[in-house]
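What follows is the residue order along each chain.
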Amino acid sequence: EPGDNEVTVLRCPPAAADDATGSITVDRRATPRFPAWERAVIRWGEDGPAMRALIQDVSQGGARIEVAERLAGDEVTVHLRYGDERMEFVFNILGTDSKGATKVIRGEWGVMDPRQKAFLWNVIVRWRNEFEKRQEWLATRVDDPAA
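Presented here is a report on the structure given in the accompanying data block. Treat the numbers as computed from the prediction; the structure is a model and nothing was measured.

Rules and cut-offs
- Residues numbered from 1 in each chain as written.
- Predicted model: local features only at pLDDT ≥ 70, side-chain atom pairs only at ≥ 80, totals over all residues.
- Heavy atoms only, no water.
- Helix = DSSP H or I, 4+ residues; strand = E, 2+ residues; numbered from the N terminus.
- Buried < 20%, exposed > 50% of the residue type's maximum accessible area, 1.4 Å probe, protein only.
- Contact = heavy atoms within 4.5 Å.
- Areas by Shrake-Rupley, 256 points an atom, 1.4 Å probe, with all protein chains shown as cover.
- Pairing = 2+ DSSP bridges.
- Axes fitted to C-alpha atoms, helices over the stretch in contact; angles between N-to-C directions.
- Phe/Tyr/Trp six-rings, centres within 6.5 Å; stacked < 30°, edge-to-face > 60°.
- Expected span 1.5 Å × (residues − 1).
- Polar contact = N/O pair within 3.5 Å; in protein donor to acceptor, adjacent residues only side chain to side chain.
- Salt bridge = Lys/Arg side-chain N within 4 Å of Asp/Glu carboxyl O.

1. Here's the deal with the overall build of the chain
Then step 1. If you tally the helices and strands in the chain, you get one helix and eight strands.
Then step 2. The helix and strand sequence of the chain, counted from the amino end, reads β-β-β-β-β-β-β-β-α.
Then step 3. Every one of the 147 residues in the chain was classed for burial, and the buried ones make up 37%.
Then step 4. A separation of at least 24 residues holds for 58% of the contacts in the chain among residues at least 6 apart in sequence.
Then step 5. Carbon together with sulfur atoms contributes 50% to the accessible area of the chain, which is approximately 9200 Å² in total.

Written out as structure tokens, the structure reads:
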């Protein structure tokens, strides 16, 4: 059983270099998707409003992101945090689903440089480990002295 200080090791999936600059694309359907339920900020367009968002699930290739409202446009910028570091990612919207009063945008990450790819992978691993800990907590009984 993993302890509080143990980390599940995941292997970063392979990616294809697009050009001589080392830009990377990842096939969203070829990478494992993990539940996240983590906060993020997205910006619609270059000069559009910044909005709070909730990343429902995530992979190296894409994500499902819940937002209060779906604005016009097929591309947003997603701002992610890993510790004290922050990084922006282009996110191409492929579809939108209604979820009560909110919307869920489905899509794929835009072209990433190697640093962005590594950053995103670190975020995914951390979120996956935190989600697993929450599931373990949920599986324990309230009257269990070890919980």
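What follows picks up the thread again.
2. Some words on the sheet that holds strand 8 (residues 102-109)
Then step 1. With antiparallel pairing, six strands are arranged side by side around a closed barrel as 3-4-5-8-7-6. Averaged over all pairs of adjacent strands, the angle between their axes in this sheet comes to 45 degrees, without regard to strand direction.
Then step 2. As paired elements, strand 5 (residues 62-67) and strand 8 share six bridges and run antiparallel to each other. The partner of Val67 across the bridge, within strand 8, is Lys103.
Then step 3. Its contacts with the sheet put helix 1 (residues 114-139) on strand 3 (34-44), strand 4 (50-58), strand 6 (75-82), strand 7 (85-99) and strand 8, and the angle it makes with strand 3 is roughly 135 degrees.

3. What about the packing of aromatic side chains?
Then step 1. With the rule as written, the count across this model stands at four aromatic pairs.
Then step 2. Put simply, the rings of Tyr82, Phe89, Phe91, Trp109 and Phe119 pair up and form one aromatic cluster.

4. Re helix 1
Then step 1. With 26 residues, helix 1 should cover 38 Å at 1.5 Å per step; its first-to-last C-alpha distance of 38 Å lies within 8% of that length.
Then step 2. Taken residue by residue, helix 1 has Gln116, Lys117, Phe119, Leu120, Trp121, Val123, Ile124, Val125, Trp127, Arg128, Asn129 and Phe131 as its buried positions.
Then step 3. For helix 1, the N-terminal cap is Asp113; the gap from its side-chain oxygen to the backbone nitrogen of Arg115 is 3.0 Å.

5. Considerations on the pattern of salt bridges
Then step 1. Enumeration according to the criterion identifies eleven salt bridges in this entry.
Then step 2. Its salt-bridge partner being Asp97, residue Arg64 comes within 3.5 Å of it at the nearest N-O pair. With Arg64 in strand 5 and Asp97 in strand 7, the pair connects residues that are 33 residues apart, well separated along the chain.
Then step 3. Under the relative-accessibility criterion, Arg64 is labelled partly exposed at 26%.
Then step 4. By relative accessible area, Asp97 is classed as partly exposed at 28%.
Then step 5. Residue Glu66 is joined to Lys99 by a salt bridge in which the shortest nitrogen-to-oxygen separation is 3.1 Å. In this pair, Glu66 sits in strand 5 while Lys99 sits in strand 7, placing the two residues 33 residues apart along the sequence.

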